[in-house]
Amino acid sequence: MKFSLHVQTRISDWHFIKDLENLGYDAAWVPDTQMMWSDCYSTMALAAQNTSKIKIGTGVAIAGTRIAPLTACSIASINTIAPGRVFLGIGTGHTAMRTMGQDPIPIKEFREYLRVVRALLNNEEVDYTYRDRTTSIVWQDHGHGFRNTESSIPIYVAANGPRACRTAGMYGDGLCSIFNEQKEVLEHNLNMVDEGAVIAKRELKDYHTVTLTNAVILKAGEKLTDDSVRARAGSWVVTALHFIYEIWRYTKDDSVVPDYMKDVWEEYIDHVNNFDLPEEKWHQRIHAGHCSFVPKGESRFVTPKMIEGTSIVGGPSEIAEKIRSAEKVGLKEVSLLPPLDHLRSTASDFAREVIPLL
């Protein structure tokens, strides 16, 4: 089992990735969310230059905001600084696109995007279509030091729905999903990955699986209703709520709402409907505080049921046992995304109290 953190991309905090290396973490994922945080590649470059062991990758790169050759160039540039320690996490852009009031890139386009990136990272000439014009592209050789495509760069596809998970099986070296630590979710996702591999006529070897989650380590005597616990859990709880709401908003399919959200669901819909913004600007508010803090008025949604439904919760030994159970199903990496105010303490507590048990 590998352990990592997704870190809020603040360029002045690049040194936190060095702290994670010192704590023994295997990897750091740096998100690409342009309306919220700093540029991921600039932040990764600083971290790569100042670390020596920890793996560093996009967590995740957004296909809808950068053309495929640019993404390939950017990650290959980072691989020049940290050869063999770089990976490309990539997705359709659920949050990054929604915060601009736009839809994520369609799956058909995403698959074509991955085809081009994969070919370029393999140093292959590839057909590429831009503004309806298709040409053949290949890296220009100006000598050593511009990019590194000799050291392999694995592609980890962020996916939650069936078509996206199949895409991960078609083009990815791994899958990153939320709730992958839950047995039924991981099993379903891996079945879709296998279907994608069959479509692409690929044999999946050493396929990587990652869950993006939060760990809420309960101290002696703490209860899920305690303010201290809700503070450590809150940002991830409401992020999951925002994620499900966006899916429901565009599908109007009530089945996407998990059981643990149903107690707060109607109240949350009322909360959104009462935004002091016109509906065409709701996208500016829905993801407020994304993975960093609980927005004003949303702390009431951080209930015990919501905490347990979205996070890995318990004492150190209980959390370790839950991770062991997920590992038996096929999970290979746990990646935490704690709230900004508790980022360092959660990273330290998890490294000191949970990882040694595993």
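Every value quoted in this text rests on a predicted model; they were computed, and no experiment measured them.

What counts and how
- Residues numbered from 1 in each chain as written.
- Predicted model: local features only at pLDDT ≥ 70, side-chain atom pairs only at ≥ 80, totals over all residues.
- Heavy atoms only, no water.
- Helix = DSSP H or I, 4+ residues; strand = E, 2+ residues; numbered from the N terminus.
- Rg over C-alpha atoms; globule rule 2.2 N^0.38 Å.
- Buried < 20%, exposed > 50% of the residue type's maximum accessible area, 1.4 Å probe, protein only.
- Contact = heavy atoms within 4.5 Å.
- Areas by Shrake-Rupley, 256 points an atom, 1.4 Å probe, with all protein chains shown as cover.
- Expected span 1.5 Å × (residues − 1).
- Core = buried A, V, L, I, M, F, W, Y, C linked by side-chain atoms within 4.5 Å.
- Pairing = 2+ DSSP bridges.
- Axes fitted to C-alpha atoms, helices over the stretch in contact; angles between N-to-C directions.
- Polar contact = N/O pair within 3.5 Å; in protein donor to acceptor, adjacent residues only side chain to side chain.
- Parallel < 35°, antiparallel > 145°, perpendicular 65-115°, else oblique.
- Nonpolar A, V, L, I, M, F, W, Y, C, P; charged D, E, K, R; others polar.
- Disulfide = S-S within 2.5 Å.

The next subject is the overall build of the chain. The helix and strand inventory of the chain stands at 13 helices and 12 strands. Against the 2.2 N^0.38 benchmark of 21 Å for 358 residues, the chain shows a C-alpha radius of gyration of 20 Å, consistent with a compact globule. Dimensions of the chain, computed from the C-alpha atoms along their principal axes, are close to 60 × 45 × 40 Å. Looking at the chain residue by residue over its 358 residues, the buried ones come to 54%. Within the chain, counting contacts between residues at least 6 apart in sequence, those at least 24 apart form 75% of the total. Of the roughly 16,100 Å² of accessible surface on the chain, a fraction of 49% belongs to carbon and sulfur atoms.

Attention shifts here to helix 9 (residues 262–273). Between the first and last C-alpha of helix 9 there are 17 Å, a value that for 12 residues agrees with the 16 Å anticipated at 1.5 Å per step. In this fold, the buried residues of helix 9 make contact with helix 8 (227–251), helix 10 (283–286) and helix 11 (304–310).

Turning our attention to the nonpolar core. One finds Leu-5, Leu-20, Tyr-25, Leu-88, Leu-121 and Phe-350 to be the most contacted residues of the largest nonpolar core, which totals 69 residues. Counting residues per element, this core draws most heavily on helix 5 (residues 107–121), which supplies nine residues.

Moving on, we get to the sheet that holds strand 12 (residues 333–336). Backbone hydrogen bonds hold the strands of a sheet together, and the pairing may be parallel or antiparallel. In space, the eight strands of this closed barrel follow the order 1-2-3-4-7-8-9-12, with parallel pairing throughout. Going across the sheet, the axis of each strand differs from the next one's by a mean of 25°, ignoring polarity.

Among the secondary structure elements, Ser-255 is positioned in the loop between helix 8 and helix 9. Within the structure, the side chain of Ser-255 is placed 2.6 Å from the side chain of Asp-253, a separation counted as a polar contact.

The subject of this paragraph is the packing of helix 8 against helix 9. Two quantities define a packed helix pair, namely the angle between the axes and the distance from one axis to the other. Following both chains from N to C, one finds helix 8 and helix 9 inclined at 80°, their axes separated by 12 Å at the closest point. Judged on the interaxial angle alone, helix 9 and helix 8 are roughly perpendicular. Within the contact between the two elements, helix 8 uses Leu-241, His-242, Ile-244, Tyr-245 and Trp-248 and helix 9 uses Trp-265, Tyr-268, Ile-269 and Val-272. Class assignment for the residues of the contact of helix 8 with helix 9 results in eight nonpolar, one polar and no charged.

Turning to helix 6 (residues 162–171), a few remarks are in order. Among the residues of helix 6, those classed as buried are Ala-164, Cys-165, Thr-167, Ala-168, Gly-169 and Met-170. Buried residues along helix 6 sit in contact with helix 5, strand 7 (155–158), strand 8 (174–178) and helix 7 (183–200).

Next up on the list: the environment of Ser-177. Summarising the element assignment, Ser-177 is placed in strand 8. A relative accessible area of 1% means that Ser-177 is categorised as buried. Through-space distance from the C-alpha of Ser-177 to that of Thr-134 is 33 Å; in sequence the pair is 43 residues apart. When near neighbours in sequence (up to four residues on either side) are disregarded, Ser-177 contacts Ala-159, Asn-160, Asn-189, Val-210, Thr-211 and Leu-212. A distance of 3.5 Å separates polar atoms of two side chains, one belonging to Ser-177 and the other to Asn-189.

Summed over all chains, the structure comprises zero disulfides. We note that Cys-73 lacks a disulfide partner, and the nearest cysteine sulfur, in Cys-40, lies 13 Å from it. The cysteine Cys-291 is free of any disulfide, with Cys-176 supplying the nearest cysteine sulfur at 11 Å.

Quick look at unusual backbone geometry now. The omega angle of the peptide bond from Gly-59 to Val-60 is 10°, so this bond is cis rather than trans. In this fold, Val-60 is placed in strand 3 (residues 55–62). Non-glycine residue Lys-201 carries a positive phi angle of around 55°. Here Lys-201 shows up in the loop between helix 7 and strand 9 (208–213). We note that Cys-291 has phi near 65°; this positive angle belongs to a residue other than glycine.

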